[in-house]
Number of protein chains: 2
Amino acid sequence: MSLFKNDLILRAARREPVERTPVWMMRQAGRYLPQYRAVREGRSFLEMCKTPELATEVTLQPVDLIGVDAAIIFSDILVIPEAMGSNLELIESKGPVIYNPVRTASDVENLKVIDAVSDLGYVLDAIRMTKKQLNNRVPLIGFSGAPWTLLTYMVEGGSSKSFKFSKSMIMDQPKTAHRLLKDLSFAISDYLIAQVEAGADIIQIFDSWASALDPVYYEEFGLPYIEFIVDSLKVLDVPVIVFAKGANASLERLSKSGAHVLGLDWTISLAEAKSRVGNSVALQGNMDPSFLYSSPESIEREVKRILSLWGPETGHIFNLGHGILPDVPPDHAKAMVNAVKQFSVR
Amino acid sequence: MSLFKNDLILRAARREPVERTPVWMMRQAGRYLPQYRAVREGRSFLEMCKTPELATEVTLQPVDLIGVDAAIIFSDILVIPEAMGSNLELIESKGPVIYNPVRTASDVENLKVIDAVSDLGYVLDAIRMTKKQLNNRVPLIGFSGAPWTLLTYMVEGGSSKSFKFSKSMIMDQPKTAHRLLKDLSFAISDYLIAQVEAGADIIQIFDSWASALDPVYYEEFGLPYIEFIVDSLKVLDVPVIVFAKGANASLERLSKSGAHVLGLDWTISLAEAKSRVGNSVALQGNMDPSFLYSSPESIEREVKRILSLWGPETGHIFNLGHGILPDVPPDHAKAMVNAVKQFSVR
């Protein structure tokens, strides 16, 4: 018997029978919630991440307020680069900035080798505190950015539209890129194992910028490192979700990575994705996050449409195809969650 | 016998034999060229579009300076919305702004029904002038935005990341969206026919924001209107290129639209796209525009790789997978064009 009051997401991830489809939202602990903004007021994003009491408080908000079937620890994918030496600032209006970008072989060599327990202990503390306060109501998701995505931030010095420096690195200095990706893979693997040891019940790896690469280059600079990390997590008894945003061309290979679940954005039909991966993995997604701007009636219709593309069997975790947007009305998020709960009952 | 000195692009578009692969670049008449910036200095983008002498001058620059196998008339996809009543400003640093967005049924009803000859005569004048000065060295590409892409700008009031208003419109007011798309389709069709009558030798339809929609919605709000436009151009003896950026899920259906060529971005392998569309259409693309930041040696290697994915037969037009970026060194663009010319000889 499960120790959780609600373990739907863990069962769906392992394709075990479920009474209904579980649902959560990427960025569910975030700015669309007035209660989040109240906690955040006057504090930097990194201060929130590094103060376990605050991280715990906002992690629990969507469980209480929206009724999602999982919590995801409040943190940021860039905590690893920061621990490795990136001089990071998260600026609300313009996204992350890294003041000392990594551009050469010696920049990569000078990065710090991190130890998750000593360097990222604040995340582990937040996980332990959250687990206590969650009291097994729902499982807790731990997460990390994937190596390619973290590389882009470190090399560009923040967000990018063109990926000028990271794409030049893979073309002109492929060995340097591979060295950085390898170093990141070890750090991420260590970090995720530490998250599970601290209490995370399920893991998601975010490759948010998978979509930036031609599939051939993604299969060289993205996928092998995800495969390494997934492999390193096999010793642990937790399901792993890989969300390689936009990497639809690589779905078949991703389905053989050992991940239990693949996340999908909304540029592929759930029915097509399901037919392409067969019964090898569960799928998570994939409602267009912008559809949460439409009326609750339209949202309900869209939820029904996506549920019907999947059908009655287990193996689907309902989610948005990307993070919830900051100006979505919380009632619309609730309308989506309630519709999944109502219309997916087996 | 062809009246052109170089008609490679027309033959490749019709899958007729070619001595080598033709090559051009989206946004080839643009800011990466110092000679373009010199003409542009102190002038607005719209002033350039509306002054046939200036539009002609910059249209010819990449033919002379970079050696591309086609010219594309210098203009903007937003000239149609402007003619229909959008109060448009093209601001270099932040993209287009439309001060009177279209959000309701009555906003759509109040749009002007345009006549290309009287309302967009400045584009037709620029085409006539360019044709004269080109003197049949290479063919001239005419173009328009696709209905869905133009809708997003008109409804959002400019560029958008979330497509908040346009996606709400298709969800909550689908009839209004369809009415606007239909009105745009008639205007675009009329405009493209007028471009051909003025001298355009080949047409490209840009659906730059196809990628924003779930394929099911793209097949409702995007594709049928492209099909209508392509169909309306059938009476003319010009090849039509459809570039539905990122709509890889809809490739098969697009290949049955009657378009002669489909444009591809770099998120799909050219080999995969070729095998999916079979021998029904030619393909255009698809080098990652950011790879032009890398060294000429890397650019040459990448050109060879893409050419080898296609093989020796006709039916491939080499291009970037999106517009050339404004800070690319012109020599790098030239390295790409020269590599295509050198390594694609049959």
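The rules behind these values
- Each chain has its residues counted from 1, following the order in which its sequence is written.
- Lettering of chains starts at A and numbering of ligands starts at 1, both following the order in which they are written.
- With the structure being a predicted model, the display of local features is reserved for residues of pLDDT at least 70 and the display and counting of side-chain atom pairs for 80 or more, all residues being used for whole-chain, interface and lining totals.
- The basis for every side-chain value is the complete set of non-hydrogen atoms in the structure, without hydrogens or water.
- Helix and strand assignments come from DSSP, with helices taken as H or I runs of at least 4 residues and strands as E runs of at least 2, each series counted from the N terminus.
- Relative accessibility under 20% of the residue-type maximum defines a buried residue, over 50% an exposed one, and the middle range a partly exposed one, all with a 1.4 Å probe and only protein chains included.
- Residues adjacent in sequence count toward polar contacts only when both atoms are side-chain atoms; beyond that, a polar contact is any pair of N or O atoms within 3.5 Å, and within protein one must be able to donate a hydrogen and the other to accept it.
- Here a residue-residue contact requires only that any non-hydrogen atoms of the pair lie within 4.5 Å.
- Each residue carries a pLDDT score, the predictor's own confidence in it, on a scale running from 0 to 100.
- Residues below a pLDDT of 70 in either copy are left out; the C-alpha atoms of the rest, at least 70 in both, set the least-squares superposition of the copies.
- Following DSSP output, two strands are said to pair if at least two bridges run between them.
- Lines fitted to C-alpha atoms define the axes, with helix axes restricted to the stretch in contact, and inter-axis angles between N-to-C directions lie between 0 and 180 degrees.
- Here the quantity called buried area is the accessible surface, traced with a 1.4 Å probe, that two parts lose on coming together, added over both.
- Note on residue categories: nonpolar means Ala, Val, Leu, Ile, Met, Phe, Trp, Tyr, Cys or Pro, charged means Asp, Glu, Lys or Arg, and polar means any other residue, Gly included.
- Convention used here: angles under 35 degrees read as roughly parallel, angles over 145 as roughly antiparallel, angles from 65 to 115 as roughly perpendicular, and any remaining angle as oblique.
- Each crossing gets its hand from how the near helix is turned against the far one by less than a right angle, where anticlockwise is left-handed and clockwise is right-handed.
- Note on terminology: a nonpolar core comprises buried Ala, Val, Leu, Ile, Met, Phe, Trp, Tyr and Cys residues joined through side-chain atoms within 4.5 Å.
- Helix span is expected to be 1.5 Å times the residue number reduced by one.
- Within 6.5 Å between ring centres, the rings of Phe, Tyr and Trp (the latter by its six-membered ring) count as paired, and their orientation is classed by plane angle as stacked under 30 degrees, edge-to-face over 60, tilted in between.
- Any Lys NZ or Arg CZ that is within 6 Å of a ring centre and within 35 degrees of that ring's normal is treated as a charge sitting over the ring.

Q: Account for the side chain of A:D201, with residues named and values stated.
A: All names here are of chain A. With respect to the secondary-structure elements, D201 resides in the loop between α11 (174-198) and β5 (202-207). According to the relative accessible area criterion, D201 is buried, its value standing at 13%. Polar side-chain contacts of D201 include one of 2.7 Å to the backbone nitrogen of L140. Discounting residues that sit within four places of it in the chain, D201 has contacts with F4, L10, K131, P139, L140, V238 and P239.

Q: Residues and numbers for the confidence of the model for chain A, please.
A: With 100% of its residues at a pLDDT of 70 or more, chain A shows a mean pLDDT of 97. In the model output, the complex is listed with pTM 0.96 alongside ipTM 0.94.

Q: Any details on the relation of the copies chain A and chain B? Residues and values, ideally.
A: Between the two copies, chain A and chain B, the superposition gives an RMSD of 0.0 Å; the rotation angle is 180° and the shift along the axis is 0.0 Å. Interpreted geometrically, this transformation is the action of a two-fold axis. Residue by residue, 100% of the interface of chain A is reproduced at the interface of chain B, so both copies engage with the same surface.

Q: Can you break down the sheet that holds strand β6 (residues 240-244) of chain B residue by residue, with the values?
A: All names here are of chain B. Spatially, seven strands are ordered β1-β4-β5-β6-β7-β8-β9 in an open sheet, and the strand pairing comes out parallel. Each having just a single partner strand, β1 (71-72) and β9 (316-320) make up the two edges of the open sheet. By the bridge criterion, three bridges tie strand β7 (residues 261-263) to strand β8 (residues 282-287) in an arrangement that is parallel. Residue pairing for β8: L262 is matched across the bridge by L283. Running over the sheet, helix α11 (residues 174-198) touches β4 (140-145) and β5 (202-207) and is turned about 170° from β4.

Q: Talk me through the interface of chain A and chain B; I want residue IDs and the actual numbers.
A: Across the contact, 32 residues belong to chain A and 32 residues belong to chain B. Between chain A and chain B, a total of about 2700 Å² is buried, with carbon and sulfur atoms accounting for 53% of that surface. Between chain A and chain B we count 22 residue pairs in polar contact (both at pLDDT 80 or more) in total. Elements with a minimum of two residues in the side of chain A that touches chain B: α10 (164-172), α12 (215-221) and α16 (296-310) of chain A. In terms of residue count, α10(A) provides more of the side of chain A that touches chain B than any other element does, six residues in total. Partitioned by chemical class, the residues of the side of chain A that touches chain B number 13 nonpolar, nine polar and ten charged.

Q: An account of the packing of helix α8 (residues 121-134) of chain B against α11(B) is needed here, citing residue identities and associated values.
A: All names here are of chain B. One way to put it is that α8 packs onto α11 with a least axis distance of 9 Å and a crossing angle of 30°. Here α8 lies roughly parallel to α11, going by the angle between them. Considering how the two elements wind past one another, α8 and α11 form a crossing that is right-handed. Taken together, the residues of α11 that come into contact with α8 (itself represented by V123, L124, I127 and R128) are Y191, A194, Q195 and A198. Counted by class, the contact of α8 with α11 contains six nonpolar, one polar and one charged residues.

Q: Lay out the pairing of strand β3 (residues 95-98) of chain B with the relevant residues and their values.
A: All names here are of chain B. Judged from the four bridges that link them, strand β2 (residues 88-91) and β3 form a sheet pairing that is antiparallel. Bridging across to β3, I91 finds its partner in G95. Counting the residues between successive antiparallel strands, the hairpin from β2 to β3 contains three residues.

Q: Run through the sheet that holds strand β7 (residues 261-263) of chain A, naming residues and quoting values.
A: All names here are of chain A. Here we have seven strands laid out as an open sheet, ordered β1-β4-β5-β6-β7-β8-β9, and parallel in their pairing. Strand pairing shows two members of the sheet lacking a second neighbour, β1 (71-72) and β9 (316-320), which therefore form its edges. Helix α15 (residues 270-277) contacts β7, β8 (282-287) and β9 of the sheet and is inclined by roughly 165° relative to β8.

Q: Can you break down the nonpolar core residue by residue, with the values?
A: Among the nonpolar cores identified, the biggest contains 270 residues, and A:I80, A:M287, A:M336, B:I80, B:M287 and B:M336 are the most heavily contacted of them. If sequence neighbours within four positions are ignored, A:I80 has contacts with A:I114, A:L120, A:S144, A:L150, A:L184, A:A187, A:I188 and A:Y191.

Q: Outline helix α8 (residues 121-134) of chain A, listing residues and values.
A: Residue and element names in this part refer to chain A. Over its 14 residues, α8 extends 20 Å from the first C-alpha to the last, a length consistent with the 20 Å expected when each residue adds 1.5 Å. Buried within α8 are the following residues: G121, Y122, V123, L124, A126, I127, T130, K131 and L134. Immediately downstream of α8, the backbone of N135 shows phi near 55°, a positive value.

Q: Lay out unusual backbone geometry in plain terms, naming residues and giving numbers.
A: The omega angle of the peptide bond from A:G285 to A:N286 is -5°, so this bond is cis rather than trans. Topologically, A:N286 is positioned in strand β8. We note that A:R15 has phi near 55°; this positive angle belongs to a residue other than glycine. Positive phi, normally seen in glycine, also occurs at B:F163, with a value near 55°. Tracing the backbone through its elements, the reader meets B:F163 in the loop between α9 (147-156) and α10 (164-172).

Q: Describe the side chain of A:R40, and please don't skip the residues or the numbers.
A: Its location among the elements puts A:R40 in helix α2 (residues 34-40). Apart from the residues within four sequence positions on either side, A:R40 is in contact with A:F45, A:M48 and A:E92.

Q: An account of the packing of aromatic side chains is requested, with residue identities and associated values reported.
A: Taken as a whole and judged by the stated rule, the model has 14 aromatic pairs over all chains. Here the aromatic rings of B:Y36 and B:F74 are separated by 5.8 Å at their centres, their planes lie at 50°, and the arrangement is tilted. You can see B:Y36 sitting in helix α2 (residues 34-40) and its partner B:F74 sitting in the loop between β1 and α5 (79-84), a full 38 residues away along the chain. Judged on exposure class, the residue B:Y36 and its partner B:F74 are both buried. One aromatic cluster in this structure is built from A:Y36, A:F45 and A:F74. The side chain of A:K274 reaches across the aromatic face of A:W310, ending 4.7 Å from its centre.

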